[in-house]
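The chain contents come next:
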Amino acid sequence: MTNEPDRISFDDLVSAIEEKLVAAGASPSVAEVLATNCATCERDGTLSHGVFRVAGYLDSLTRGWADGAAEPNIDVVGPSYIRIDGRNGFAQPALAEARPTIDEAVAESGVAVIALRSTHHFSALWPDLEAFAREGRVAMGMIASGKLAVVPEGATRPVFSTNPFGFATPVAGADPIVFDFSTSSMSHGDLQLLRAEGRDVPVGTGVDSTGADTTDPSAILDGGGIRPIGGHKGALLSFMIETLAAGLTGGAFTYEIDAEAPEGAHTFRTGQLFIVIDPERGGNDAYLGRVREFVEMLRDAGMDRQPGDRRYANRAEAADRGIPVTDLIRSKGVSI
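Here the structure is a predicted model, which means the values were calculated and not measured.

Caption draft 1: Looking closely at the sheet that holds strand 8 (residues 206-207). If you trace the 3 strands from one edge of the open sheet to the other, you get 9-8-10, paired in antiparallel fashion. Only two strands of the sheet have a single partner each, and these edge strands are strand 9 (213-214) and strand 10 (225-226). As paired elements, strand 8 and strand 10 share 2 bridges and run antiparallel to each other. The residue of strand 10 that forms the bridge with Gly206 is Ile226.

Caption draft 2: Quick look at the pairing of strand 7 (residues 174-181). Pairing analysis gives 6 bridges linking strand 6 (residues 165-171) to strand 7, with the strands arranged antiparallel. Bridge pairing in strand 7 places Gly166 opposite Asp180. In sequence, strand 6 turns back onto strand 7 through a hairpin of 2 residues, with Gly173 there showing a positive phi of about 65°.

Caption draft 3: The arrangement of the pattern of salt bridges in detail. On inspection of all chains with the given rule, the structure shows 19 salt bridges. Note that Arg43 is salt-bridged to Asp44, the shortest N-O span being 2.7 Å. Of the two residues, Arg43 and Asp44, both sit in the buried class. Among the ionic pairs, Asp44 bridges to Arg315, the shortest N-O distance being 2.5 Å. In this pair, Asp44 sits in the loop between helix 2 (28-43) and helix 3 (54-62) while Arg315 sits in helix 11 (residues 309-321), placing the two residues 271 residues apart along the sequence. Like Asp44, the residue Arg315 is buried in the burial classification. Beyond isolated ion pairs, a larger network of salt bridges with shared partners links Arg43, Asp44, Glu130, Arg134, Asp175 and Arg315.

Caption draft 4: Expanded view of the pairing of strand 6. Along strand 6, 6 of the 7 residues are buried, which leaves the element largely enclosed by surrounding structure. As paired elements, strand 5 (residues 138-144) and strand 6 share 4 bridges and run antiparallel to each other. Across the sheet, residue Ala139 finds its bridge partner in strand 6, namely Ala168.

Caption draft 5: Quick look at the sheet that holds strand 6. Taken in spatial order, the 7 strands line up as 2-3-4-11-5-6-7 in an open sheet, and their pairing is mixed. The sheet is open, and its two edges are formed by strand 2 (73-78) and strand 7, each paired on a single side. Strand-to-strand twist across the sheet, computed as the mean angle between neighbouring axes with direction ignored, equals 15°. Relative to strand 11 (residues 269-277), strand 5 runs antiparallel, the two being bridged by 7 bridges. Bridging from a neighbouring strand, Met140 pairs with Ile275 of strand 11. Strand contacts of helix 8 (residues 232-248): strand 3 (81-90), strand 4 (111-120), strand 5, strand 6 and strand 11, with the helix running at about 85° to strand 5, the strand carrying the most contacts.

Reading the values: rules and limits
- Residues numbered from 1 in each chain as written.
- Predicted model: local features only at pLDDT ≥ 70, side-chain atom pairs only at ≥ 80, totals over all residues.
- Heavy atoms only, no water.
- Pairing = 2+ DSSP bridges.
- Helix = DSSP H or I, 4+ residues; strand = E, 2+ residues; numbered from the N terminus.
- Salt bridge = Lys/Arg side-chain N within 4 Å of Asp/Glu carboxyl O.
- Buried < 20%, exposed > 50% of the residue type's maximum accessible area, 1.4 Å probe, protein only.
- Axes fitted to C-alpha atoms, helices over the stretch in contact; angles between N-to-C directions.
- Contact = heavy atoms within 4.5 Å.

Below is the structure:
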């Protein structure tokens, strides 16, 4: 007979994280957004971006590397084009502050391009994107994520970050389809979790400091590097994301961010690009229903698990029973 883990409610977990962030120097409004984001990831089973990330936020706040009270500058540079200078704050609060401006742009022109710079993004992309899809929007996002970690074939050192990309679409009569993945073979956070658990990774995940394939997460993280997904195709996706999320936004490329960050930094002053679209603009009222039919075809063809299914199942269980209190939650010092 196994012992059931302790459980904590979503609201209580948010409050516990929020308290720590405020104590470390975040403004109440910033702390609320970040705490909600961390608790959302934990609730939905994305543990590598949940409470696991709290220590990194606290470190960046207490050492003054990130500004927990920054107020972003939001500049509308065209009917559909919004530039945001996060002023060395965190990305999610800056995006939240800009939501009325984004919504207005989508309402007026059917699309919004959001170029963020000088903002620390230290979470998954899917919570940002799902929020748009819940309102009937198609959304995509990408990040030049700040830590040199990826070694493509032919390179002698890391030249890209994990450079995540995400997409979300509403579906008629169902939860949105939302996915979010790094363009590396594995995310940096998942590698850290596997190292902490003493587990190996598959051959092809990354290389050690000599450039040789290794199954040891420590060898990949300490002097080695992660491989991109799909070989040269993943490397080119990273190139695209760097040029859009860094070059186009006016943010720093990953190699520039990595060089400026203090030793041991967990968060990075990155650039992000988001595109939000009204899919029904121009009389395309059938869009949501057509996506529903498409998804049903995929399930009938054997793809019975679609992006987001596991998160939604975890979310429903947490709503009914609470969020499992893991050893990681306790080790990160969240008071419960």
